[in-house]
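# Tertiary structure, described
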Amino acid sequence: MAERDEDWLEGADEQEEGLPSGEVYDWYQRGVQLLDEGDPGTASQVLGRAAARVPHSRSVLEALARAQFDSEQYDQAVVSFQRLVEEDADDDYAQFGWGLSAAKLGQFDLAVEHLAVAAAMRPDVNYYTLALRGARATARAKASSAHRQEAKNG
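The notes below deal with the structure included here. (Residues numbered from 1 in each chain as written. Predicted model: local features only at pLDDT ≥ 70, side-chain atom pairs only at ≥ 80, totals over all residues. Heavy atoms only, no water.)

With that out of the way, let us pick up the environment of Val79. Inspection of the secondary structure assignment puts Val79 in helix H5 (residues 74-87). Classification of Val79 by relative accessible area gives partly exposed; the value is 46%. In the structure, Val79 is positioned 19 residues away from Trp98 in sequence and 8.1 Å away in space, judged by C-alpha atoms. (Helix = DSSP H or I, 4+ residues; strand = E, 2+ residues; numbered from the N terminus. Buried < 20%, exposed > 50% of the residue type's maximum accessible area, 1.4 Å probe, protein only.)

So, in structure tokens, the structure goes:
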């Protein structure tokens, strides 16, 4: 992943409330640490601030998207994963994250689209394929149920 290294040099001259002191990189490190420690809600706040300062940092944006997903902020996770895909359509993990987030929002057609891309890009990653199968099955079940309801209401 290409970083814009100069973005990391943009420091926080003043410490903002709730953020670690220091440079944006310190914020990123703290956000990832919070995510790893099982506090995705706080991580998404810290990483969101970091992303506002360095909007083109793929590392920050990916960590933010993960934190948003893990804290059940699926609508925001969709936007973050979408931004990653717009920067690099070959990012299989971003495609996967977009698909999972869309599925959590009940957007199964969108989920299938992005999970299929991820699975096609990395057929060796079993959980991509499993997520795609699950989304396809749910999409089919919902479509079948809607069709039966239409027929019933006729």
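With the rule as written, the count across this model stands at seven aromatic pairs. Geometrically, the ring pair formed by Tyr93 and Phe96 is tilted, given 6.4 Å between the ring centres and 45° between the ring planes. Taken together, the positions of Tyr93 and Phe96, both in helix H6 (residues 92-104) and three residues apart, correspond to about one turn of that helix. Take Tyr93: its relative accessible area is 28%, and that puts it in the partly exposed class. Classification of Phe96 as buried rests on a relative accessible area of 9%. Clustering of aromatic rings is evident, with ring pairs tying together Phe81, Tyr93, Phe96, Tyr127 and Tyr128. (Phe/Tyr/Trp six-rings, centres within 6.5 Å; stacked < 30°, edge-to-face > 60°.)

With that settled, the discussion passes to the packing of helix H4 (residues 58-70) against H5. Viewed as axis vectors pointing N to C, H4 and H5 meet at an angle of 155°, and their least axial separation amounts to 8 Å. Between H4 and H5, the angle is such that the two are roughly antiparallel. In the crossing of H4 with H5, the sense of the turn from one axis to the other is left-handed. Residues Arg58, Leu61, Glu62, Leu64, Ala65, Arg66, Gln68 and Phe69 of H4 touch H5, and the partners they reach there are Tyr74, Gln76, Ala77, Ser80, Phe81, Arg83, Leu84 and Glu87. Its residues placed into classes, the contact of H4 with H5 shows eight nonpolar, three polar and five charged. (Axes fitted to C-alpha atoms, helices over the stretch in contact; angles between N-to-C directions. Parallel < 35°, antiparallel > 145°, perpendicular 65-115°, else oblique. Left-handed = near helix turned anticlockwise from the far one by under 90°. Contact = heavy atoms within 4.5 Å. Nonpolar A, V, L, I, M, F, W, Y, C, P; charged D, E, K, R; others polar.)

Below, the discussion takes up the pattern of salt bridges. Tallying each qualifying case throughout the model produces four salt bridges. Here Arg58 makes a salt bridge to Asp91, at a shortest N to O gap of 2.4 Å. Note that Arg58 is positioned in helix H4 and Asp91 in the loop between H5 and H6, a separation of 33 residues in sequence. Across the pair, exposure class does not vary: Arg58 and Asp91 are buried alike. Several salt bridges share partner residues, and in doing so they unite Asp92, Arg122 and Asp124 into one network. (Salt bridge = Lys/Arg side-chain N within 4 Å of Asp/Glu carboxyl O.)

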